[in-house]
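What follows is the residue order along each chain.
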Amino acid sequence: MNKFIPLSIPNFEGNEEKYVVDAIASTFVSTVGGYVSRMEKELASFLNVDNVAVCQSGTSALHLSMVDAGVKPGNVVLVPPLTFIAAVNPVKYQFATPVFIDCDDSFCLDPVKLRSFCEEECVWNDGVLKYNGADVKAIVVVHVFGNMADMESIMDTAEKYNLKVIEDATEALGTKYTDGRYAGKFAGTIGDYGCYSFNGNKIITTGGGGAVTSGNSATVDHIRFLSTQAKTDPHYYIHDEVGYNYRMTNLQAALGVAQLEELPEFIKRKQKNFDLYKSEFEGFKYGKLIDFRSGTESNKWFYSIEIDREHVKASMREIIISLEKDKIQTRAIWGLINEQKPYEGEVTYKLEKAPYYAERILNIPSSTQITEEEIKYVADKVKQLLEGLANG
Ligand SMILES: *Cc1c(COP(=O)(O)O)cnc(C)c1O
């Protein structure tokens, strides 16, 4: 193989250039313009929701959700330890306190541990859940790698304890339930808030960008208002709340509208590529391709190999560097957020699966452009390497 095989790169096979040039020609390049409203309408239509507010990043989408949810200094927010740190940082932006709850085998929030934390570690007092005297306000649920969290159980707990649910669907645009109470519902459209990201590595990209939706249309309007400096009057500069400069620009949205046209095709390719990897890793002893939750149809954004640590002792760094020599880009799953400097000393609850997977999961190339031949090559090289490390 002569070509470098990247982990996850953008795909611009559609109208991207055309729409961006059109946006420039219109002179509307900032936060006002036709593409911004089109992006909101078309994303809402894809997700089958009434209202979407687009913004500058997935991080700003999460931050605005947290502001709207009323997360205040000293409040507690329940968060995952094994995900990208941007899912948790907005808790700190609000001077609130994260409590890290373990994941299950989908890498998403463990609903059983979430429940037992609320029942056994907290006090239910007059409609407010208290932990160590602080109000527990919200849960951040991340749909990791395009997998869906167990939303039925999570929503039951959230309803019982009056907690806001902020879905981080930044990796799961297009993932939906096919069975159960939420059949037909997309990731990000079940909780109180659903956040999306259009960063360069996500399933569609606007360069940088994000979006928020909610079942409550007025909530989305409020978030849009906050994202445009909370300006109250069309003619005068009057501001009744602290606002943010978080709105998506027309240039970003031009890219986004073109990407949305291709989203169904991207999802199809990701699903097909996953099936191909699956057959390649079938029966392989030293590494297992992790599947997605049954009863859902995942966008299959990212693929994960669980390394057999009984036999393969090499570090992730060694594995990644070896594969780089074969022109294959891979990466280790994230380091635990509770072990990162800004989070040292924060409370963790029954972390078992998160540290287990943190040292076992390797992500392999998943771009929509990857060819069948490249997938076979990647699978062969990964298998050869792990087998060699297991036996050597
Ligand atoms: C990408 C990502 C984010 C942040 O999105 P940005 O658009 O990069 O700000 C948040 N959470 C998770 C899980 C992500 O993967």
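The rules behind these values
- Residues numbered from 1 in each chain as written.
- Predicted model: local features only at pLDDT ≥ 70, side-chain atom pairs only at ≥ 80, totals over all residues.
- Heavy atoms only, no water.
- Buried < 20%, exposed > 50% of the residue type's maximum accessible area, 1.4 Å probe, protein only.
- Helix = DSSP H or I, 4+ residues; strand = E, 2+ residues; numbered from the N terminus.
- Pairing = 2+ DSSP bridges.
- Axes fitted to C-alpha atoms, helices over the stretch in contact; angles between N-to-C directions.
- Left-handed = near helix turned anticlockwise from the far one by under 90°.
- Contact = heavy atoms within 4.5 Å.
- Nonpolar A, V, L, I, M, F, W, Y, C, P; charged D, E, K, R; others polar.
- UniProt positions renumbered as here; feature names shortened; annotations may be inferred.
- Near = heavy atom within 4 Å.
- Polar contact = N/O pair within 3.5 Å; in protein donor to acceptor, adjacent residues only side chain to side chain.
- Areas by Shrake-Rupley, 256 points an atom, 1.4 Å probe, with all protein chains shown as cover.
- 1 Å grid on protein atoms, 1.4 Å probe; cavity = no way out; pocket = protein on both sides within 12 Å on 5 of 7 lines; lining within 4 Å.
- Sits in = over half its atoms within 2 Å of the grid points.

Caption draft 1: Representation of the pairing of strand β2 (residues 76-79) in the model. Judged by which residues are buried, β2 turns out to be covered on both faces: Val-76 and Leu-78 on one side and Val-77 and Val-79 on the other are all buried. Relative to strand β3 (residues 97-101), β2 is paired through 4 bridges, and the arrangement is parallel. Bridge pairing links Val-79 to Phe-100 in β3.

Caption draft 2: Focus on unusual backbone geometry. Here Asn-132, not a glycine, exhibits a phi torsion of approximately 50°, which is positive. The residue Asn-132 is located in the loop between β5 (128-131) and β6 (134-142) in this model. Unusually for a residue other than glycine, Asn-162 sits at a positive phi of about 60°. Its location among the elements puts Asn-162 in the loop between α6 (151-160) and β7 (164-168). Note on Asn-162: relative accessible area 55%, which makes it exposed.

Caption draft 3: Layout of the packing of helix α3 (residues 58-68) against helix α7 (residues 217-227). For the pair α3 and α7, the least separation of the axes is 10 Å and the interaxial angle reads 115°. In this structure, α3 crosses over α7, and the sense of that crossing is right-handed. Side by side, α3 and α7 meet where Leu-64, Ser-65, Val-67 and Asp-68 of the first sit next to Thr-219, His-222, Ile-223, Leu-226 and Ser-227 of the second. Split by residue class, the contact of α3 with α7 holds 4 nonpolar, 4 polar and 1 charged.

Caption draft 4: Here's a closer look at the UniProt feature "modified residue: N6-(pyridoxal phosphate)lysine" (unreviewed entry) in the protein chain. When the UniProt feature table is mapped to this numbering, "modified residue: N6-(pyridoxal phosphate)lysine" (unreviewed entry) covers Lys-202. With respect to the helices, strands and loops of the structure, Lys-202 is situated in the loop between β9 (193-197) and β10 (210-213). A relative accessible area of 13% means that Lys-202 is categorised as buried. Each residue touching Lys-202, except ones within four places of it in the same chain, is listed here: Thr-170, Glu-171, Ser-197 and Trp-301.

Caption draft 5: Inspection of the site of the ligand at higher detail. Lining the immediate environment of the ligand, one finds 16 residues, of which Gly-58, Thr-59, Glu-171, Ser-197 and Lys-202 sit closest. Between the ligand and the protein, one listed contact pairs a nitrogen atom with a side-chain N or O atom of Thr-170 at 3.3 Å. Contact with the protein chains covers 92% of the free accessible surface of the ligand, which is 380 Å². When atoms are counted within 2 Å of each cavity's grid points, the one that captures over half of the ligand is the largest pocket. Counting residues per element, the shell around the ligand draws most heavily on α3, which supplies 3 residues. Of the residues assigned to the shell around the ligand, the class counts are 5 nonpolar, 8 polar and 3 charged.

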